[in-house]
Amino acid sequence: MHSPEDNAPAPAAMDTLISQDAQALSAQLALLRNRIFPPVAQKSLRRFSSGEAAALLQISDSYLRQLALAGEGPAPAKSSGGRRAYTLEQINELRGLLRGKGRPALPRRRPGDHLQVLAVANFKGGSGKTTTSVHLAQYLAFQGYRVLALDLDPQASLSALFGYQPELDIGENETIYAALRYDRQQRPLREVIRPTYIDGLHIVPANLELHEFEHDTPRLLAQSERSRETLFFTRLTEALASVEADYDVVVIDCPPQLGFLTLAALCAATGVLITVHPQMLDIASMCQFLLMTADLLAVVRQAGGNLDYDFLRYLVTRYEPQDGPQTQVVGFLRSLFGARVLTNPMVKSTAISDAGLTKQTLYEVGPQNFSRDTYNRAAEALDAVNGEIRQLMLQAWGRTSR
């Protein structure tokens, strides 16, 4: 006599089950994206109010109004109530117009200024690495810089925030791996750079193929004869050099582990930002990250790697000022590292979390989606952090203003 269980289908193999779950999740994410960004599932950037535009241009709102009334510069969109709004393209056009009127020059690199390559790193998930990277890249683009966002994380969270679903939108050999690989399928970096919906901001997206670099590199290192061209820590530097003339700043979102991709980023960087969540477990994890990084970079330096940074800074993220233990941890960090801890922390904010639910940043969703106080607190914290990083860039270029 057979029990009902005898006729039941055999359970699926675990790899098959996980694959089915992944495919189901991917399909639902695609549907969600189509609902949020119909009809062609492409993101676009909101318009900026006249007050926001004036602040970005470093002029008064009244002067911006005078320009609009005089018909100088691009014509802003007007609401039924007469409120003016500008696209980022129009704001950048106004920057050029204002330069002709003796206003500050465009915030670009000048002759002799080196490309700024900012690596955002930590090997513990949840430290705010991607959130920091995407807001920094967008902030700098809003200021008028030519920015390249480079996603080095196979999980591709940065790419997702810019509207790319990695398993659907990024094909084979379309990530930074294409420019780093060691075989004949290597491609120029320029061929895998994509524009974004933000004027002046481009991206090199990521997907799981980045793991291939982590597999290829140790195999090459094991070979007895190696040429300069096969050194993993020079490849990203050389790839970025090929597009250096097109950008002022590169922002790299490193993977949450200390592998060959992260080491390549640290060797290409001119500035390093290490994100820190102010909890003792995270501090202990960061200690291990620093110890491992120091040991590995020492080996790279001895092999000829370039580790000359303009700056290295620790950025406190997800900070809750009313949390006593967190305040103590921040004080502990400042007593240890002094000025290498950024003055401004990135505060924890429901506004930033809520924006992320729709794969957007706080800068993208704008103040109309939150209470004024909630939005202003988060925006002021973001601007303070990013403004401090911008000042470090300017100092490295030998100037303190635009």
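Quick look at the structure, then. All figures in this text were calculated on a predicted structure; none of them were measured in a lab.

Conventions we followed
- Throughout, residues of each chain are indexed from 1 in the direction in which the sequence is written.
- Owing to the predicted nature of the model, reporting of local features is limited to residues with pLDDT of at least 70; listing and counting of side-chain atom pairs is limited to 80 or more, with chain, interface and lining totals taken over all residues.
- Side-chain measures were taken over the full set of non-hydrogen atoms in the model, leaving aside hydrogen atoms and water.
- Every case where a carboxyl oxygen of Asp or Glu lies within 4 Å of a side-chain nitrogen of Lys or Arg is listed as a salt bridge.
- The helix and strand labels rest on DSSP assignments: H or I over at least four residues marks a helix, E over at least two residues marks a strand, and numbering proceeds from the N terminus.
- Note on classification: 1.4 Å probe, protein chains only; a residue is buried when its accessible area is under 20% of the maximum for its type, exposed when over 50%, partly exposed between these limits.
- Directions are taken from the helix axis to each C-beta atom, and the arc is the one they span.
- We call a set of buried residues a nonpolar core when its members are Ala, Val, Leu, Ile, Met, Phe, Trp, Tyr or Cys and they connect through side-chain atoms within 4.5 Å of each other.
- Residue ranges for the domains originate in an automatic or database domain assignment.
- By definition, residues are in contact when any of their heavy atoms lie within 4.5 Å.

What follows concerns the pattern of salt bridges. What the rule picks out here adds up to 12 salt bridges. Residue Arg109 pairs with Glu244 through a salt bridge whose shortest N-O separation is 3.8 Å. On the criterion of sequence distance, the pair formed by Arg109 in the loop between helix 4 (88-100) and strand 4 (116-121) and Glu244 in the loop between helix 10 (232-241) and strand 8 (249-253) is long-range, its members being 135 residues apart. When salt bridges with common partners are traced through the structure, they connect Arg108, Arg146 and Asp248 into a single cluster.

Across the 9 residues of helix 11 (residues 260-268), 9 count as buried, placing the element largely inside the fold. Here helix 11 has its buried residues at Phe260, Leu261, Thr262, Leu263, Ala264, Ala265, Leu266, Cys267 and Ala268.

Phi is positive for Asn173, which is not a glycine, with a value near 65°. With respect to the element layout, Asn173 can be found in the loop between helix 7 (166-169) and helix 8 (177-180). Backbone geometry places Arg318, a non-glycine residue, at a positive phi of 50°. Examined against the element boundaries, Arg318 turns out to sit in the loop between strand 10 (311-316) and helix 13 (324-337). Overall, the relative accessible area of 34% leaves Arg318 in the partly exposed class.

Moving on to helix 2 (residues 50-57). Taken residue by residue, helix 2 has Ser50, Ala53, Ala54, Leu56 and Leu57 as its buried positions. For helix 2, the angular spread of buried residues about the axis comes to 160°, placing them on one side. Looking one or two residues past helix 2, Gln58 carries a phi angle of roughly 60°, positive in sign.

Before going further, it helps to examine the nonpolar core. Ranked by internal contacts, the top residues of the largest apolar core, which has 61 residues, are Leu140, Phe162, Ile198 and Leu362. Take this core: its biggest share by element is 10 residues, from helix 16 (residues 372-396). Two domains each provide a minimum of three residues to this core, namely domain 1 (48-101) and domain 2 (116-397). Those residues in contact with Leu362 that sit more than four places away from it in its chain are His135, Ala351, Ile352, Ala355, Phe370, Tyr375, Ala378, Ala379 and Leu382. Listed in part, the 59 residues of the second largest apolar core include Leu150, Tyr182, Leu263 and Cys267.

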